[in-house]
Amino acid sequence: MARAYASILLNTPIENAWSLVRDFNGLPSWAPVIARSRIEGGLDSDVVGCVRDFYDKEGARIRERLLALDDANWTFTYNFEKPAFPVRNYIATLRMYPVTQTNQTFAEWGSTFDEAPGDEGKYEKIISNDVFAANFANLAKIIAKQKKPAPATEGRWKAGLPNKVWTSRHIKVPLADVWGVMRDFAGMGRWHDEITKMQMLKKHRSDKVSGTRDFYFGTGHLNEQLLSLSDIEHSFLYRITKSEIPWINYVSGPRLWPVTANNSTFGVWTGDWDASPQDDLILIPRTEQNVYQKAFAGVESLLKKKK
(Lines give C-alpha, C1' and ligand atoms only; values in the text may rest on other atoms or scores of the structure.)
Protein backbone atom coordinates (compact mmCIF):
# COMPACT_ATOMS: atom_id res chain seq x y z
CA MET A 1 0.00 0.00 0.00
CA ALA A 2 1.28 3.45 -0.95
CA ARG A 3 1.18 6.46 1.37
CA ALA A 4 1.29 10.13 0.38
CA TYR A 5 1.93 12.78 3.02
CA ALA A 6 2.67 16.48 3.51
CA SER A 7 2.57 18.81 6.50
CA ILE A 8 3.11 22.48 7.23
CA LEU A 9 3.14 25.09 9.98
CA LEU A 10 0.53 27.78 9.32
CA ASN A 11 0.99 31.22 10.86
CA THR A 12 -2.54 31.58 12.20
CA PRO A 13 -4.62 30.20 15.10
CA ILE A 14 -6.29 26.88 14.46
CA GLU A 15 -9.79 28.39 14.56
CA ASN A 16 -8.95 30.47 11.48
CA ALA A 17 -7.00 27.72 9.70
CA TRP A 18 -9.84 25.22 10.16
CA SER A 19 -12.43 27.71 8.89
CA LEU A 20 -10.50 27.96 5.61
CA VAL A 21 -10.44 24.22 4.85
CA ARG A 22 -13.52 22.83 6.62
CA ASP A 23 -15.89 23.53 3.71
CA PHE A 24 -15.83 20.31 1.65
CA ASN A 25 -17.03 22.34 -1.33
CA GLY A 26 -14.45 25.09 -0.85
CA LEU A 27 -11.40 23.73 -2.70
CA PRO A 28 -11.50 26.44 -5.41
CA SER A 29 -10.89 29.07 -2.73
CA TRP A 30 -7.52 27.65 -1.63
CA ALA A 31 -6.42 24.90 -4.05
CA PRO A 32 -4.97 26.79 -7.05
CA VAL A 33 -5.58 24.13 -9.72
CA ILE A 34 -9.29 23.64 -8.92
CA ALA A 35 -11.63 25.60 -11.19
CA ARG A 36 -15.11 24.86 -9.80
CA SER A 37 -16.92 22.55 -7.42
CA ARG A 38 -20.43 21.58 -6.37
CA ILE A 39 -21.99 19.24 -3.82
CA GLU A 40 -24.23 16.69 -5.51
CA GLY A 41 -27.91 16.53 -4.61
CA GLY A 42 -27.97 20.02 -3.12
CA LEU A 43 -26.65 18.80 0.25
CA ASP A 44 -24.72 21.02 2.64
CA SER A 45 -20.96 20.53 2.50
CA ASP A 46 -20.79 19.33 6.11
CA VAL A 47 -23.21 16.44 5.58
CA VAL A 48 -21.16 13.28 6.03
CA GLY A 49 -21.67 11.14 2.94
CA CYS A 50 -22.00 14.08 0.55
CA VAL A 51 -20.09 13.97 -2.73
CA ARG A 52 -18.17 16.89 -4.19
CA ASP A 53 -18.02 16.99 -7.98
CA PHE A 54 -15.24 19.29 -9.17
CA TYR A 55 -13.00 20.11 -12.12
CA ASP A 56 -9.39 21.17 -12.32
CA LYS A 57 -8.30 23.96 -14.64
CA GLU A 58 -7.39 21.46 -17.35
CA GLY A 59 -10.96 20.15 -17.38
CA ALA A 60 -10.41 16.86 -15.54
CA ARG A 61 -13.42 15.80 -13.46
CA ILE A 62 -13.02 14.32 -9.96
CA ARG A 63 -15.61 13.12 -7.44
CA GLU A 64 -14.88 12.60 -3.74
CA ARG A 65 -17.11 11.47 -0.87
CA LEU A 66 -16.90 12.91 2.65
CA LEU A 67 -16.49 9.94 5.00
CA ALA A 68 -15.90 11.73 8.32
CA LEU A 69 -15.92 15.30 9.64
CA ASP A 70 -14.83 16.18 13.17
CA ASP A 71 -15.02 19.79 14.42
CA ALA A 72 -13.83 18.70 17.86
CA ASN A 73 -10.50 17.46 16.48
CA TRP A 74 -10.20 19.57 13.31
CA THR A 75 -10.12 16.73 10.79
CA PHE A 76 -11.98 15.27 7.84
CA THR A 77 -11.62 12.11 5.73
CA TYR A 78 -12.74 11.39 2.17
CA ASN A 79 -12.30 8.90 -0.67
CA PHE A 80 -12.31 8.88 -4.46
CA GLU A 81 -15.61 8.16 -6.18
CA LYS A 82 -14.12 9.16 -9.53
CA PRO A 83 -10.32 9.11 -9.10
CA ALA A 84 -7.99 11.93 -10.06
CA PHE A 85 -5.24 9.32 -10.58
CA PRO A 86 -5.18 5.65 -11.64
CA VAL A 87 -5.08 4.31 -8.07
CA ARG A 88 -7.42 2.11 -6.03
CA ASN A 89 -8.73 2.12 -2.45
CA TYR A 90 -7.84 5.78 -1.94
CA ILE A 91 -8.57 7.24 1.52
CA ALA A 92 -7.30 10.70 2.54
CA THR A 93 -7.38 12.64 5.82
CA LEU A 94 -6.58 16.28 6.53
CA ARG A 95 -6.01 17.14 10.18
CA MET A 96 -4.92 20.19 12.14
CA TYR A 97 -3.45 20.70 15.62
CA PRO A 98 -2.95 23.90 17.62
CA VAL A 99 0.63 24.94 18.37
CA THR A 100 0.07 26.14 21.92
CA GLN A 101 3.48 27.75 22.32
CA THR A 102 2.95 30.22 19.45
CA ASN A 103 -0.81 30.04 18.70
CA GLN A 104 -0.05 28.78 15.18
CA THR A 105 -1.39 25.65 13.47
CA PHE A 106 0.22 22.40 12.42
CA ALA A 107 -1.59 20.81 9.46
CA GLU A 108 -1.02 17.36 8.00
CA TRP A 109 -2.58 15.73 4.95
CA GLY A 110 -2.11 12.08 4.16
CA SER A 111 -3.61 9.30 2.08
CA THR A 112 -3.24 5.58 1.52
CA PHE A 113 -3.96 3.80 -1.75
CA ASP A 114 -2.88 0.97 -4.04
CA GLU A 115 -0.81 1.70 -7.13
CA ALA A 116 -0.84 -0.47 -10.24
CA PRO A 117 2.17 -2.74 -10.92
CA GLY A 118 4.88 -0.64 -12.47
CA ASP A 119 3.63 2.57 -10.83
CA GLU A 120 5.20 1.90 -7.44
CA GLY A 121 6.09 5.23 -5.82
CA LYS A 122 4.93 7.33 -8.77
CA TYR A 123 1.66 8.58 -7.33
CA GLU A 124 3.03 8.77 -3.79
CA LYS A 125 5.31 11.56 -5.02
CA ILE A 126 2.73 13.25 -7.23
CA ILE A 127 0.03 13.37 -4.55
CA SER A 128 2.45 14.31 -1.77
CA ASN A 129 4.12 17.13 -3.71
CA ASP A 130 1.73 18.33 -6.42
CA VAL A 131 -1.50 18.00 -4.43
CA PHE A 132 -0.97 18.09 -0.67
CA ALA A 133 2.21 20.18 -0.39
CA ALA A 134 1.25 22.55 -3.22
CA ASN A 135 -2.21 23.21 -1.78
CA PHE A 136 -0.79 23.74 1.71
CA ALA A 137 1.77 26.21 0.31
CA ASN A 138 -1.01 28.17 -1.35
CA LEU A 139 -3.05 28.11 1.85
CA ALA A 140 -0.05 29.58 3.69
CA LYS A 141 0.11 32.40 1.11
CA ILE A 142 -3.58 33.16 1.61
CA ILE A 143 -3.08 33.29 5.37
CA ALA A 144 -0.08 35.60 5.00
CA LYS A 145 -2.28 38.14 3.19
CA GLN A 146 -5.03 38.07 5.80
CA LYS A 147 -5.50 40.57 8.56
CA LYS A 148 -4.77 39.20 11.99
CA PRO A 149 -7.87 37.16 12.93
CA ALA A 150 -9.98 38.20 15.89
CA PRO A 151 -9.60 36.13 19.06
CA ALA A 152 -11.81 33.05 19.17
CA THR A 153 -15.15 33.64 20.84
CA GLU A 154 -15.74 29.97 21.68
CA GLY A 155 -13.70 27.51 23.66
CA ARG A 156 -10.95 25.97 21.56
CA TRP A 157 -11.61 22.39 22.64
CA LYS A 158 -15.23 21.82 21.73
CA ALA A 159 -15.24 18.37 23.30
CA GLY A 160 -13.21 19.51 26.30
CA LEU A 161 -9.45 19.53 26.79
CA PRO A 162 -8.33 15.98 25.89
CA ASN A 163 -5.76 15.85 28.70
CA LYS A 164 -5.11 17.70 31.93
CA VAL A 165 -2.12 19.16 30.11
CA TRP A 166 -2.03 19.23 26.29
CA THR A 167 0.81 21.37 25.00
CA SER A 168 2.65 21.59 21.70
CA ARG A 169 5.63 23.25 20.07
CA HIS A 170 7.33 23.74 16.73
CA ILE A 171 10.89 22.40 17.02
CA LYS A 172 13.10 23.84 14.29
CA VAL A 173 15.15 20.68 13.79
CA PRO A 174 14.48 17.59 11.60
CA LEU A 175 12.31 14.90 13.19
CA ALA A 176 14.95 12.18 12.87
CA ASP A 177 17.37 14.25 14.95
CA VAL A 178 14.77 15.13 17.58
CA TRP A 179 13.59 11.53 17.94
CA GLY A 180 17.19 10.33 18.06
CA VAL A 181 17.65 12.37 21.23
CA MET A 182 14.22 11.96 22.86
CA ARG A 183 13.97 8.22 22.26
CA ASP A 184 16.58 7.60 24.97
CA PHE A 185 14.34 7.22 28.03
CA ALA A 186 17.33 7.69 30.33
CA GLY A 187 18.75 10.67 28.48
CA MET A 188 16.52 13.55 29.59
CA GLY A 189 19.25 14.91 31.84
CA ARG A 190 21.14 15.95 28.69
CA TRP A 191 18.34 18.23 27.55
CA HIS A 192 16.57 19.40 30.69
CA ASP A 193 18.76 21.39 33.07
CA GLU A 194 16.73 20.60 36.20
CA ILE A 195 17.09 16.83 35.79
CA THR A 196 20.15 15.10 37.24
CA LYS A 197 21.46 11.64 38.12
CA MET A 198 19.12 9.92 35.65
CA GLN A 199 19.71 6.20 35.15
CA MET A 200 17.78 3.05 34.37
CA LEU A 201 17.18 0.81 37.38
CA LYS A 202 18.43 -2.80 37.26
CA LYS A 203 20.77 -1.75 34.41
CA HIS A 204 17.90 -2.10 31.95
CA ARG A 205 18.19 -0.67 28.45
CA SER A 206 16.47 2.69 28.00
CA ASP A 207 14.29 1.25 25.20
CA LYS A 208 12.99 -1.61 27.34
CA VAL A 209 9.24 -1.17 27.79
CA SER A 210 8.53 -1.80 31.51
CA GLY A 211 11.96 -0.40 32.45
CA THR A 212 12.13 2.33 35.12
CA ARG A 213 14.25 5.46 35.18
CA ASP A 214 15.46 6.90 38.49
CA PHE A 215 16.38 10.59 38.70
CA TYR A 216 16.24 13.89 40.56
CA PHE A 217 14.16 16.87 39.40
CA GLY A 218 15.67 19.71 41.39
CA THR A 219 15.69 18.26 44.87
CA GLY A 220 12.79 15.89 44.23
CA HIS A 221 13.47 12.17 43.71
CA LEU A 222 11.32 10.36 41.11
CA ASN A 223 10.91 7.00 39.41
CA GLU A 224 9.11 6.71 36.06
CA GLN A 225 8.22 3.49 34.22
CA LEU A 226 8.18 3.26 30.42
CA LEU A 227 4.73 2.07 29.31
CA SER A 228 5.09 2.26 25.52
CA LEU A 229 7.65 3.24 22.88
CA SER A 230 6.89 3.61 19.17
CA ASP A 231 9.36 4.25 16.36
CA ILE A 232 6.35 4.43 14.02
CA GLU A 233 4.55 7.29 15.79
CA HIS A 234 7.75 8.71 17.33
CA SER A 235 6.20 8.61 20.78
CA PHE A 236 6.54 7.16 24.23
CA LEU A 237 4.35 6.98 27.33
CA TYR A 238 5.38 6.65 30.96
CA ARG A 239 3.95 6.68 34.48
CA ILE A 240 5.32 7.96 37.78
CA THR A 241 5.88 5.21 40.33
CA LYS A 242 7.69 7.32 42.96
CA SER A 243 7.34 11.03 43.72
CA GLU A 244 6.96 13.44 46.65
CA ILE A 245 4.56 15.59 44.56
CA PRO A 246 0.88 15.39 45.68
CA TRP A 247 -0.49 13.58 42.64
CA ILE A 248 -1.40 10.00 41.77
CA ASN A 249 -2.05 8.05 38.55
CA TYR A 250 0.34 10.28 36.62
CA VAL A 251 0.70 9.21 32.97
CA SER A 252 2.48 11.34 30.38
CA GLY A 253 4.38 11.31 27.12
CA PRO A 254 5.36 13.12 23.91
CA ARG A 255 4.61 12.44 20.25
CA LEU A 256 6.37 13.93 17.23
CA TRP A 257 5.35 14.62 13.61
CA PRO A 258 7.46 15.74 10.64
CA VAL A 259 6.84 19.20 9.19
CA THR A 260 7.61 18.33 5.59
CA ALA A 261 7.35 21.92 4.33
CA ASN A 262 10.63 22.88 6.01
CA ASN A 263 12.09 19.62 7.40
CA SER A 264 11.36 20.45 11.03
CA THR A 265 9.29 18.86 13.83
CA PHE A 266 5.95 19.34 15.55
CA GLY A 267 5.70 17.92 19.04
CA VAL A 268 2.80 17.35 21.44
CA TRP A 269 3.27 16.44 25.11
CA THR A 270 0.32 15.37 27.24
CA GLY A 271 -0.13 14.58 30.90
CA ASP A 272 -2.92 13.27 33.14
CA TRP A 273 -3.06 12.69 36.89
CA ASP A 274 -5.28 12.94 39.94
CA ALA A 275 -4.73 15.74 42.46
CA SER A 276 -6.75 18.22 44.48
CA PRO A 277 -8.10 21.26 42.59
CA GLN A 278 -5.97 23.50 44.81
CA ASP A 279 -2.79 21.57 44.01
CA ASP A 280 -3.64 21.57 40.29
CA LEU A 281 -3.59 25.37 40.25
CA ILE A 282 0.16 25.03 40.68
CA LEU A 283 0.82 21.62 39.12
CA ILE A 284 -0.83 22.20 35.72
CA PRO A 285 1.04 25.36 34.63
CA ARG A 286 4.29 24.21 36.25
CA THR A 287 4.18 20.85 34.46
CA GLU A 288 3.32 22.41 31.11
CA GLN A 289 6.00 25.10 31.17
CA ASN A 290 8.77 23.76 33.45
CA VAL A 291 8.65 20.14 32.27
CA TYR A 292 7.10 19.67 28.81
CA GLN A 293 7.80 22.98 27.06
CA LYS A 294 11.21 23.26 28.68
CA ALA A 295 12.03 19.74 27.55
CA PHE A 296 11.11 20.50 23.93
CA ALA A 297 13.13 23.72 24.04
CA GLY A 298 16.08 21.86 25.56
CA VAL A 299 16.13 19.28 22.78
CA GLU A 300 16.05 22.02 20.15
CA SER A 301 18.87 23.93 21.86
CA LEU A 302 21.01 20.79 22.25
CA LEU A 303 20.68 19.85 18.58
CA LYS A 304 21.33 23.36 17.32
CA LYS A 305 24.55 23.50 19.34
CA LYS A 306 25.74 20.30 17.65
CA LYS A 307 25.51 21.88 14.19
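Below: a short report on this structure. (Residues numbered from 1 in each chain as written. Predicted model: local features only at pLDDT ≥ 70, side-chain atom pairs only at ≥ 80, totals over all residues. Heavy atoms only, no water.)

### So, the environment of Leu 66
Position of Leu 66 relative to the elements: it lies in strand E4 (residues 61–70). The spatial distance from the C-alpha of Leu 66 to the C-alpha of Val 47 is 7.8 Å, given a sequence separation of 19 residues. (Helix = DSSP H or I, 4+ residues; strand = E, 2+ residues; numbered from the N terminus.)

### Brief notes about helix H3 (residues 175–182)
Taken as a whole, H3 has its buried residues at Leu 175, Val 178, Trp 179, Val 181 and Met 182. Down the axis of H3, the sector holding all buried residues measures 160°, keeping them to one side. Exposed side of H3, more than 90 degrees from the buried face: Ala 176 and Gly 180 are the residues found there. (Buried < 20%, exposed > 50% of the residue type's maximum accessible area, 1.4 Å probe, protein only. Arc of directions from axis to C-beta.)

### Things to note about the sheet that holds strand E11 (residues 220–230)
One open sheet holds the 7 strands; their spatial order is E8-E14-E13-E12-E11-E10-E9, and the pairing between them is antiparallel. Edge strands, defined here as strands with exactly one partner in the open sheet, are strand E8 (165–171) and strand E9 (195–200). If you compare each strand with its neighbour and ignore which way they point, the axes differ by 20° on average. One ladder, built from 10 bridges, connects strand E13 (residues 248–259) with strand E14 (residues 264–274); its direction is antiparallel. When the sheet's bridge partners are listed, Val 251 is paired in E14 with Asp 272. The sheet contacts of helix H4 (residues 277–306) involve E8, strand E10 (212–217), strand E12 (235–242), E13 and E14, and relative to E8 the element is tilted by about 20°. (Pairing = 2+ DSSP bridges. Axes fitted to C-alpha atoms, helices over the stretch in contact; angles between N-to-C directions. Contact = heavy atoms within 4.5 Å.)

From the geometry alone we can't say anything about function, so treat these as descriptive.
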